[in-house]
Amino acid sequence: MSKITASFESPVHDAQQVFRELMEAMSHPGKQVSLDYTAQFGTTSRAATQVLLTLADNATSLWLSERFNADETLVENIRFHCGAPLSGQKCESAFALARGSELEDFEGFNVGSEHYPDRSTTLIIEVDSLKEGDVLVLAGPGIQSTTKMRVKGLNPLLLLALVTKRSHFPHGVDILFTSGSDIIALPRSTEVTLEIQEVTCM
């Protein structure tokens, strides 16, 4: 039985609108943006589904984590609606989709080359929440002084890698954190530090 589900109602118009929202998020790292369409494939969030519908096509290879690769509904809909070829190699992927709890680091993903730094992997990382959790302090282009974001559901090793090993600009991976209909972008040019929460003794 087919597991194909609905895509955008108006594919061109809706994808253009989502693309504008993604550009807003990339231009303002740490800013939470909502993607309001209802399309959702398998166990992915609405936001991650809409990112794939907007950016992935038959010319962009996609790497799926073990969890998402086992999601038959997701895989079938990606092939039907996006046409994106699935890659078993991180280094060959234009896009990658994973749960934040699955990844331990960014090893293996394409960070771009000297002549083509833009040909790196864009990571779509699904998390439990973008409204609570660890506090990340962001600085860099598109940010006046610093800004903060919250994220819940990252593997502790990935959280450490996010601060220490993500990029050496202009090389590095761009990240789109997704949860529900919400998305926050973390371009490779953004510097990340972890805010240490003070513990008050009673």
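Preceding block: the structure.
Novice: Explain helix α1 (residues 11-27) residue by residue, including any values.
Specialist: Relative to the 24 Å expected for 17 residues at 1.5 Å per residue, α1 spans 24 Å between its end C-alpha atoms, a close match to the ideal helical length. Among the residues of α1, those classed as buried are D14, A15, V18, L22 and A25. Down the axis of α1, the buried set is contained in an arc of 95°. They therefore lie on one face. The elements touched by buried residues of α1 are β1 (33-34), α2 (46-55) and β10 (182-186).

Novice: Before we move on, could you go through the pairing of strand β3 (residues 95-99) and cite the residues and values that matter?
Specialist: Consecutive residues of a regular strand have side chains that alternate between opposite faces of the sheet. Counting buried residues along β3, five of its five residues qualify, which places the element largely inside the surrounding structure. Here β3 shows no split at all, with F95, L97 and R99 on one side and A96 and A98 on the other all buried. Pairing of strand β2 (residues 62-64) with β3 involves three bridges; the strand directions are parallel. By the bridge assignment, W63 is partnered in β3 with A96. Pairing geometry for β3 and strand β4 (residues 122-126), over five bridges, is parallel. Among the inter-strand pairings, L97 is bridged to a residue of β4, identified as I124.

Novice: How would you explain the sheet that holds strand β11 (residues 191-194) if you had to name every residue and give the values?
Specialist: Reading across the sheet, the three strands line up as β6-β5-β11 and stay open at both edges, with antiparallel pairing between neighbours. Edge strands, defined here as strands with exactly one partner in the open sheet, are β6 (147-152) and β11. Averaged over all adjacent pairs, the angle separating strand axes in this sheet is 50°, with direction ignored. Alignment of strand β5 (residues 129-139) against β11, held across four bridges, turns out to be antiparallel. Across the sheet, residue V137 finds its bridge partner in β11, namely T193. The strands touched by helix α5 (residues 156-164) within the sheet are β5 and β11, with β11 carrying the most contacts at an inclination of about 135°.

Novice: Which residues make up the environment of Q16, and what are the values?
Specialist: Here Q16 shows up in helix α1. As for Q16 and T54, which are separated by 38 residues in sequence, their C-alpha atoms are 7.6 Å apart.

Novice: Just give me the short version of a nonpolar patch on the surface, but keep the residues and values in it.
Specialist: A cluster of nonpolar side chains, namely V163, L194 and I196, defines an oily patch on the protein surface of about 250 Å² accessible area. Here I196 shows up in the segment after β11.

Novice: Give me the packing of aromatic side chains: which residues, what numbers.
Specialist: All told, the structure shown has two aromatic pairs when counted by the stated rule. Lying over the aromatic face of Y116, R119 brings its terminal NZ or CZ to 3.8 Å of the ring centre.

Novice: Provide a residue-level description of the pattern of salt bridges, including the pertinent values.
Specialist: Under the counting rule described, the total for this entry stands at seven salt bridges. Between D182 and K131 there is a salt bridge, with the nearest N and O atoms lying 2.5 Å from each other. Placement of D182 in strand β10 and of K131 in strand β5 is noted, with a sequence separation of 51 residues between them. Here D174 and R188 are joined by a salt bridge, their closest N and O atoms 2.9 Å apart. On the criterion of sequence distance, the pair formed by D174 in strand β9 (residues 174-179) and R188 in the loop between β10 and β11 is long-range, its members being 14 residues apart.

Novice: Give me the nonpolar core: which residues, what numbers.
Specialist: Ranked by size, the top nonpolar core spans 29 residues in total, and within it L52, I78 and L97 carry the most contacts. Elements represented by at least two residues in this core include exactly α1, α2, β2, α4 (72-82), β3 and β10. In terms of residue count, α2 provides more of this core than any other element does, five residues in total. Of all hydrophobic cores here, the second largest spans 26 residues; its members include L123, L130, L158 and L186.

Calculation notes
- Residues numbered from 1 in each chain as written.
- Predicted model: local features only at pLDDT ≥ 70, side-chain atom pairs only at ≥ 80, totals over all residues.
- Heavy atoms only, no water.
- Helix = DSSP H or I, 4+ residues; strand = E, 2+ residues; numbered from the N terminus.
- Expected span 1.5 Å × (residues − 1).
- Buried < 20%, exposed > 50% of the residue type's maximum accessible area, 1.4 Å probe, protein only.
- Arc of directions from axis to C-beta.
- Contact = heavy atoms within 4.5 Å.
- Pairing = 2+ DSSP bridges.
- Axes fitted to C-alpha atoms, helices over the stretch in contact; angles between N-to-C directions.
- Patch = residues over 30% accessible without salt bridge, like charges linked within 9 Å, V, L, I, M, F, W, Y side chains within 5 Å.
- Areas by Shrake-Rupley, 256 points an atom, 1.4 Å probe, with all protein chains shown as cover.
- Salt bridge = Lys/Arg side-chain N within 4 Å of Asp/Glu carboxyl O.
- Phe/Tyr/Trp six-rings, centres within 6.5 Å; stacked < 30°, edge-to-face > 60°.
- Lys NZ or Arg CZ within 6 Å of the ring centre and 35° of its normal.
- Core = buried A, V, L, I, M, F, W, Y, C linked by side-chain atoms within 4.5 Å.

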